[in-house]
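Here are the chains, one letter per residue:
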Amino acid sequence: MAWEGSTRKESLPPNWQKLRAERFKIDGFRCTQRDVYGERCEEPAQECDHHGDRLDHRIQNLRSLCSWHHQKKSSRQGAQARYAKKRAFENKFRRTETHPAFLG
């Protein structure tokens, strides 16, 4: 289960279901993702996603997505987070002083 071990649900407001339903209605119950040509996805919306700050639950910060586009976005964000964590770990071992051969 995708939510297993996650504390994400705890950060959602008590009126989350109402906000979600309102965003779906605004978006016509369709996914809002657009392709490279600007064409909107035709699939029905099944997920309500935060477009910016994940702690900002204002209706303007939410958008409707189909499961496929939501999974694609979440996967991309996870990969970016893993890459950033890996780079931070690697930078811990990077030499910061100039090599003696380059002292001038």
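Details of the structure are given in the entry above.
Residues numbered from 1 in each chain as written. Predicted model: local features only at pLDDT ≥ 70, side-chain atom pairs only at ≥ 80, totals over all residues. Heavy atoms only, no water.

### Regarding the overall build of the protein
Item 1. Along its length, the protein carries two helices and two strands.
Item 2. For a compact globule of 104 residues, the expected C-alpha radius of gyration is about 13 Å, and the protein comes in at 20 Å, more than 25% above that figure.
Item 3. The C-alpha extent of the protein, read off along each of the three principal axes, is 65 × 35 × 25 Å.
Item 4. Considering the protein as a whole, with its 104 residues, one finds that 26% of them fall into the buried category.
Item 5. By sequence separation, contacts in the protein at least 24 residues apart represent 43% of the contacts at least 6 residues apart.
Item 6. In the form shown here, the protein has an accessible surface area of approximately 8500 Å², with 53% of it arising from carbon and sulfur atoms.
Item 7. Of the charged side chains in the protein, 22 are positive and 14 negative, and the gap between their average positions amounts to 4 Å. (Helix = DSSP H or I, 4+ residues; strand = E, 2+ residues; numbered from the N terminus. Rg over C-alpha atoms; globule rule 2.2 N^0.38 Å. Buried < 20%, exposed > 50% of the residue type's maximum accessible area, 1.4 Å probe, protein only. Contact = heavy atoms within 4.5 Å. Areas by Shrake-Rupley, 256 points an atom, 1.4 Å probe, with all protein chains shown as cover. Lys, Arg positive; Asp, Glu negative; His and termini not counted. Charge placed at Lys NZ, Arg CZ, Asp CG, Glu CD.)

### Let's talk about the nonpolar core
Item 1. Membership of the largest hydrophobic core is limited to eight residues, which are Leu12, Trp16, Leu19, Phe24, Ala45, Cys48, Ile59 and Leu62.
Item 2. Per element, the largest residue contribution to this core is three residues, and it comes from helix H1 (residues 16-26).
Item 3. Each residue touching tryptophan 16, except ones within four places of it in the same chain, is listed here: Cys48, His50, His57 and Leu62. (Core = buried A, V, L, I, M, F, W, Y, C linked by side-chain atoms within 4.5 Å.)

### Looking at unusual backbone geometry
Item 1. For phenylalanine 29, which is not glycine, the phi dihedral falls at a positive 60°.
Item 2. Counting through the fold element by element, phenylalanine 29 comes out in the loop between H1 and strand E1 (47-50).

### As for the pairing of strand E2 (residues 62-65)
Item 1. Alternating positions in E2 separate into two faces, Leu62 and Ser64 on one and Arg63 and Leu65 on the other, with burial throughout.
Item 2. Alignment of E1 against E2, held across four bridges, turns out to be antiparallel. Bridge assignment links glutamate 47 to a residue of E2, and that residue is leucine 65. (Pairing = 2+ DSSP bridges.)

### Let's talk about the side chain of arginine 23
Item 1. Take arginine 23: it is sitting in helix H1.
Item 2. The class of arginine 23 is buried, set by a relative accessible area of 11%.
Item 3. Beyond its immediate sequence surroundings of up to four residues, arginine 23 is in contact with Cys48, Ile59, Gln60, Leu62, Arg63 and Ser64.

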